[in-house]
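Structural overview
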Amino acid sequence: MKSYEPHVIEEKWQKIWEDNGAFQVEEDTDKEKYYLLEMFPYPSGKIHMGHVRNYSIGDVVARYKRMRGLNVLHPMGWDAFGMPAENAAIERGIPPAQWTYDNIAYMRTQLKRLGFGYDWRREVATCDVNYYRWEQLIFLKMYEKNLVYRKSSPVNYCIKCQTVLANEQVESGACWRCGEAVIQKELTQWFFAITKFADELYEYCDKLPGWPEKVLSMQKNWIGKSYGVEVNFSIEDGTSLTIFTTRPDTLWGVTFMVLAPEHPQSLELAKGTPQEGEVKAFVEKVAKQDRTFRGEMNTAKEGVFTGRYAINPVNGVKVPVYLGNFVLMEYGTGAIMAVPAHDQRDFEFAKEYGLPIIVTIVPEGQRIDPAAMKEAYVDEGVLVDSAHFDGMKNREAILKIIDYLEEKGLGKRTTNFRLKDWGISRQRYWGNPIPIIYCADCGTVPVPYEDLPVVLPTNLEIKVVGKSPLAEFREFYEVNCPQCGKIARRETDTMDTFVESSWYFLKYTCPDYDDAPLDRKRVDYWMPVDQYIGGIEHAVLHLLYSRFFNRVLNELGFVGVREPFQNLLTQGMVIKDGAKMSKSKGNVVDPDYLIEKYGADTARLFCLFASPPEKDLDWNDKGVEGSFRFLQRVWRLVTAERAEVLEGVEPLFIYDGSDDDLKQLAHMIHKTIKKVTDDIDRFHLNTAIASIMELVNTIYKYLEKDKIDVHSLGLLKGAIETVIILLFPFVPHIAAELWTLSGKGDNRPEGLWPQYDEAYVKEERVMIAVQINGKLRDTCEVERDTEETQLKEIIFNLEKITKHIEGKAIKKMIIIPNKLVNIVCA
RNA sequence: GCCUGGGUGGCGGAAUAGGUAGACGCAAGGGACUUAAAAUCCCUCGGUCCUCGCGGCUGUGCGGGUUCAAGUCCCGCCCUAGGCACCA
């Protein structure tokens, strides 16, 4: 008997696959394509267990689909721009490019040692000029279409990382990367006009049935679409004020108005009133306040009267206009109508400044006394004191009142979004240079297409923390203006690295294409990605950006599809000792160590078996041992148990004789094939493995019977072969080796996923549960599809049943064929 | 506060269309083999009660309900993870 030596066979098969180009694919219109993608890693130095899990799941699906005859694209690459490379340069003096490429080289060998089947010819590293040059071209095309623009605005800034962060990259006031508190800074930045697609990105959430509900709800939350109406209030000085509200049903309850202090009309309004000075002081005070502080909900509501009054257009009531720190300029029109009776914020403000409260919505048949209110009434109800809308349910009233306002020309329906444009400028070195030149005479000038790419220089030193060396590297920034030829300055900010990850999946389809960013023909063959697999942490970052960027590329004609990812699987985190694996927690399990100790197959198997993909995986060293034990058990099944006897035996997969043991084994073969097939299709990889384990257990039990006739041995061999084939996507090395050892030679299982026969999936004899009044009392084994009368006869002869129903009247019997009988007694 | 998930043995987890709750694995306990150990194999393993059985009761976060039958469906709660949040 040969012993199971994972390293020997793993190296052997990895070499064979590499030599054969086993995972290389070409576009082939005769074949059905399947594009399987896992989120590419940042080359931080070593892969971690999260990667092992992610890529193990992906590899199962890729190999399985290939075995089912699909033309599978399964690529891998590197999200290679980013700050750690710069930090390494500063801390250890290694050039970012070298650090990055060294890491890539090592991590590539790690992925190969795990036996993942990628088409490495299609590998993409985003820091490669042949990748980022096309991104610069796309940037310029976007510039022409006004999809990217430059503006000065307050932006999120991380002092530690010394760079700007997009809204999506701030997690509860802290930097997503380092956790440092984020401050606001006024800077001139480049923005991608993602808000132009806000409505579509929101609405398409309902057209992505292959995405987890959770991710879609997070994206919807983030985009924050709200329907409402803009209403014009006239001011006594002759001007007018436009507000946005989602609650026009409360219009008759307006008792004052509030503007954001930054509102352009703020100072204007107060001019010439006794309040002018006070207003000015307030505006200045708020301007100095930290924005994150102001954004906090428990920040006290503060405001000031402008000295002016507005006229409520629906009832002509005169209401005072205030400025308030709780009103945001960035949302809606920066001004609100305040209805203290029905909005908690307005209520608090009204209480603070002694403003009146008018109730216009009440629970049906009840009254609310404004003076007795402790908080705003925000529930549903019917309208009161609202002219001819009285008595209407407020939900319906919203739509009716919007119609009314539009009819009378008092307002117009509007949709507002929480989503802001994507700021992409980063004051960092290791990123894609923004292809723009600033000329004192000509202004902002795009780099001409023929001058692309703007190559990121590597012959400079990075030593100062917090300053991009590009801004001080004359060779880079000093250029002649492409328009007038005078000395000009190149943009020294680089793009957010999320830009690169927004289209890498497209480049995989045609990495060698040199004439344009993408080869439309090949993109069209492969896109969309049929299955995308990655961590939930990118639910609103990468996944939203990619949906946006793919739309841009669609409008530029580079891509045919609108949505890039048809199906999404978000896998859970890898947990150990109750916390996410991290260096600081000291609970990291090193993949290299695992491979060293047990081999890649065991590492893969445990990751897949311990929990379903979308759930968190609780790491358990003993569980890893268990996975290793199982593989050894399978190994022995082929190499030790009956190995000589089975040599040369023709495998059988069906049996129509009368031996119950053989019938049972034939049934198990087909049942397992069906179960594993169905389970992989719905990503229940843990139960797929469990059912293969059951088949193995059944085979061991069968061996104890010691049957040696031709049928028995043939079926035994068939069962063993089935185990090997079914295991192939999960643990490819041992499966390939055992397949060869069981006499299959070069005929590898890669091309053949087994078929099951429904006739054998069904058992001839079935176990019937017998209940009395819904309680299980006994079971009995009968022929499948036993006649009702015959079944009743059997059941009423069961001792336990007769005992229980003795002397009771049987009211009725529920019979579920081949499953259960429930006798209902008085 | 709002929006999503999720609560099942000592543990990870199963139960695809309302039909035998706990598959598979881990841990634990007992046994076989062995001079011994490892490895391997076999048995037990939700709780509880007794008359120890082919037994009874109970049990899927809690309280109700629908149904012949509920982990699964409905109503009301509790806990927990994540997202959003002075967004009008």
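Just so it is clear, the structure is predicted and the values come from calculations on it, not from any experiment. (Residues numbered from 1 in each chain as written. Chains lettered and ligands numbered in written order. Predicted model: local features only at pLDDT ≥ 70, side-chain atom pairs only at ≥ 80, totals over all residues. Heavy atoms only, no water.)

A word on the protein's contact with RNA strand B
Counted only if it meets this: Near residues are defined by distance, with any heavy atom within 4 Å of the molecule or strand qualifying the residue. In protein, a polar contact requires one atom able to donate a hydrogen and another able to accept it; more generally it is a pair of N or O atoms within 3.5 Å, and residues adjacent in sequence count only if both atoms are side-chain atoms. Just so you know the grouping, Ala, Val, Leu, Ile, Met, Phe, Trp, Tyr, Cys and Pro go in nonpolar, Asp, Glu, Lys and Arg go in charged, and all remaining residues, Gly too, go in polar.
Near RNA strand B, the surroundings consist of 62 residues, among which Thr246, Lys301, Arg345, Arg418 and Arg633 are the closest. Among the atoms of RNA strand B close to the protein, meaning within 4 Å, 65% are from sugar or phosphate groups. Separating a base nitrogen of RNA strand B from a side-chain N or O atom of asparagine 221 is a distance of 3.4 Å. Between RNA strand B and arginine 633 there is a distance of 2.4 Å, counted from a phosphate oxygen to a side-chain nitrogen or oxygen. Taken together, the residues of the surface near RNA strand B break down into 22 nonpolar, 18 polar and 22 charged.

A short note on the sheet that holds strand 22 (residues 443-446)
Rule in force here: By definition, two strands form a pair when at least two bridges between them are found by DSSP. To qualify as a helix, a DSSP run of H or I must reach at least 4 residues; to qualify as a strand, a run of E must reach at least 2; elements of each kind are numbered from the N terminus. Helix axes are fitted only over the stretch in contact, all axes being lines through C-alpha atoms; the angle between N-to-C directions runs from 0 to 180 degrees.
An order of 22-21-24-23 is seen for the four strands of this open sheet, with the pairing classed as antiparallel. Two strands bound the open sheet, and with one partner strand each, they are strand 22 and strand 23 (478-480). In this sheet, neighbouring strand axes are inclined to one another by 40° on average, regardless of whether the strands run parallel or antiparallel. Relative to strand 24 (residues 487-490), strand 23 runs antiparallel, the two being bridged by three bridges. What sits directly across from glutamate 478, in strand 24, is arginine 489.

Re the pattern of salt bridges
The line we're drawing: Between Lys or Arg on one side and Asp or Glu on the other, a salt bridge is scored when a side-chain nitrogen of the former is within 4 Å of a carboxyl oxygen of the latter.
Counted according to the given criterion, the structure contains 49 salt bridges. With a closest N to O distance of 3.1 Å, aspartate 590 and lysine 46 form a salt bridge. Here aspartate 590 is found in the loop between strand 29 (579-580) and helix 18 (591-598), whereas its partner lysine 46 is found in the loop between strand 1 (33-38) and helix 2 (49-67), with 544 residues between them in sequence. Between arginine 63 and aspartate 59 there is a salt bridge, and its shortest N-O distance comes to 2.8 Å.

Quick look at the sheet that holds strand 26 (residues 531-535)
We apply this condition: Any two residues having at least one pair of non-hydrogen atoms within 4.5 Å are treated as being in contact.
Taking strand neighbours across the sheet as the criterion, the four strands line up as 2-1-26-27 in an open arrangement whose pairing is parallel. Each edge of the open sheet carries a strand with a single partner, namely strand 2 (71-73) and strand 27 (568-571). Each strand of the sheet is rotated relative to its neighbour by a mean of 20°, with strand direction disregarded. Sheet analysis places strand 26 next to strand 27, joined by four bridges and oriented parallel. Pairing of isoleucine 533 across the sheet is with leucine 569, part of strand 27. The strands that helix 2 touches are strand 1, strand 2, strand 26 and strand 27; relative to strand 1, the one it contacts most, it runs at about 175°.

A word on the side chain of histidine 667
Along the chain, histidine 667 turns up in helix 22 (residues 660-681). Engagement of the side chain of histidine 667 in a polar contact is seen with the backbone oxygen of valine 761, the distance being 3.0 Å.

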